[in-house]
Amino acid sequence: MVINKSKIRKILVIRLDAIGDVILTTPFIRELRRNFSGAFISLVVDQKAYNLVEVCPYVNEVLAFRNLRMDDKMKTIKAYLLPIWFAFEYFRGKNFDLALLPRWDTDWYGAAYLAFLSGARIRVGYSENINANKAIWNRGFDSFLTHVIDIRDLKHEVERNLNVLHFLGLEVLDDRLELWTSKDDELFADFTLKIAGVSDNDILIAIAPGAGWVRRRWPIERFLAVCKWISKRYDVKFLVLGGKGEEELGLFLEKMLEDRVINLVSKTTLRQAVALLKRSKLFIGNDSSPMHMASACGIPVVALFCHPKNGDPASHHSPIRFGPWKTKSIVLQPERAVSPCSSECKADQPHCILGIEVDQVIDAVSSLLDGIIY
């Protein structure tokens, strides 16, 4: 499909999933603007991600949508009613020419349905048939779109997002991640570090011991062991980041490492966390949104994945799909799945990720830090 750019004046982009997914969409948003410099672009994200993209310079407006997963039987009716209300409230009179849905995997939040309700005359997204799970949960969703993309090749999610633009015959010149902060966010970071006694010459290492899925969380005691080793070899301070529900992880490291820790778990906005990461020399953490933030900031990353090396490379836990993008990084995974897991980790607690040893993380940290310091 080659779209007539001259006839596209209003564009709707819908990205309703996790914060990390939104970060991986930033090259798509930038390149979309490059191709449609004069268009009015509306971006719809889950309300949890709103702060992250609120000051994005490539869109004209950001709209916050309250997500409800459509696989929850108790919430299914409400999950279908919310998009109707949202479209009535925010899409009236917009007359969108084009609606784009970059998500490749299962549409849990009805983005295709919302695109249909927008009334956009051209609606483009990935087919419901690109994998077995999506074919089940999104049965009939292709009817909400005017054009479906059926590309099943294994790729990083950044590339899959950009494939939507390629499908339209548009030019993509730059695939780097990008995040944006305000002046207030930058002042917050400077003030916070100043109060903590961190100077411009100090080595600040960001630690993110949490993750949205518990199975993705490497044990906090192992993070502590790594931090203790770093403290003996390097003169550093640790910046601990995370979201709501992860406060105990930050408090544990703060208690055990005392004045070496700046514990900001659940104490920053997303953009404030980005501003702080830009001042860090290294990131160590699990497969999580802070990991993608660090990648977007261009700092070296040590990423811990629960997905075993012998697992399904197409899994939503796989670093092939969701690993650090275009920054110096070392990805660590367990060698193999631990029974009863096989193709991927499915435990409701840290399980397969326990196969990553402390010494492996220390070696990765040493390799990256030595290149920074010496």
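The structure displayed is predicted, hence computed values, not measured ones. (Residues numbered from 1 in each chain as written. Predicted model: local features only at pLDDT ≥ 70, side-chain atom pairs only at ≥ 80, totals over all residues. Heavy atoms only, no water.)

**With respect to the layout of surface pockets**
Thought 1: Looking at the second largest pocket, its volume works out to about 170 Å³.
Thought 2: Forming the boundary of the second largest pocket are Asp190, Leu193, Val198, Ser199, Asp200, Asp202, Leu204, Arg279 and Lys281.
Thought 3: Looking at the lining of the second largest pocket residue by residue, the class counts come to three nonpolar, one polar and five charged. (1 Å grid on protein atoms, 1.4 Å probe; cavity = no way out; pocket = protein on both sides within 12 Å on 5 of 7 lines; lining within 4 Å. Points joined across faces, edges and corners; volume = space filled by probe spheres on them. Nonpolar A, V, L, I, M, F, W, Y, C, P; charged D, E, K, R; others polar.)

**Brief notes about the sheet that holds strand S7 (residues 203–208)**
Thought 1: In space, the six strands of this open sheet follow the order S9-S8-S7-S10-S11-S12, with parallel pairing throughout. The open sheet has two free edges, formed respectively by strand S9 (261–263) and strand S12 (329–332), since each of these has just one partner strand. Strand-to-strand twist across the sheet, computed as the mean angle between neighbouring axes with direction ignored, equals 15 degrees.
Thought 2: Strand direction decides the pairing type here: strand S8 (residues 236–240) and S9, joined by three bridges, are parallel. Along S9, the bridge assignment pairs valine 240 with asparagine 263. (Pairing = 2+ DSSP bridges. Helix = DSSP H or I, 4+ residues; strand = E, 2+ residues; numbered from the N terminus. Axes fitted to C-alpha atoms, helices over the stretch in contact; angles between N-to-C directions.)

**Things to note about the pairing of strand S3 (residues 61–65)**
Thought 1: Counting buried residues in S3 gives four out of five residues, a clear majority hidden from the surface.
Thought 2: The sheet contact formed by strand S2 (residues 40–46) and S3 spans five bridges and is parallel. Bridge pairing in S3 places valine 44 opposite leucine 63. (Buried < 20%, exposed > 50% of the residue type's maximum accessible area, 1.4 Å probe, protein only.)

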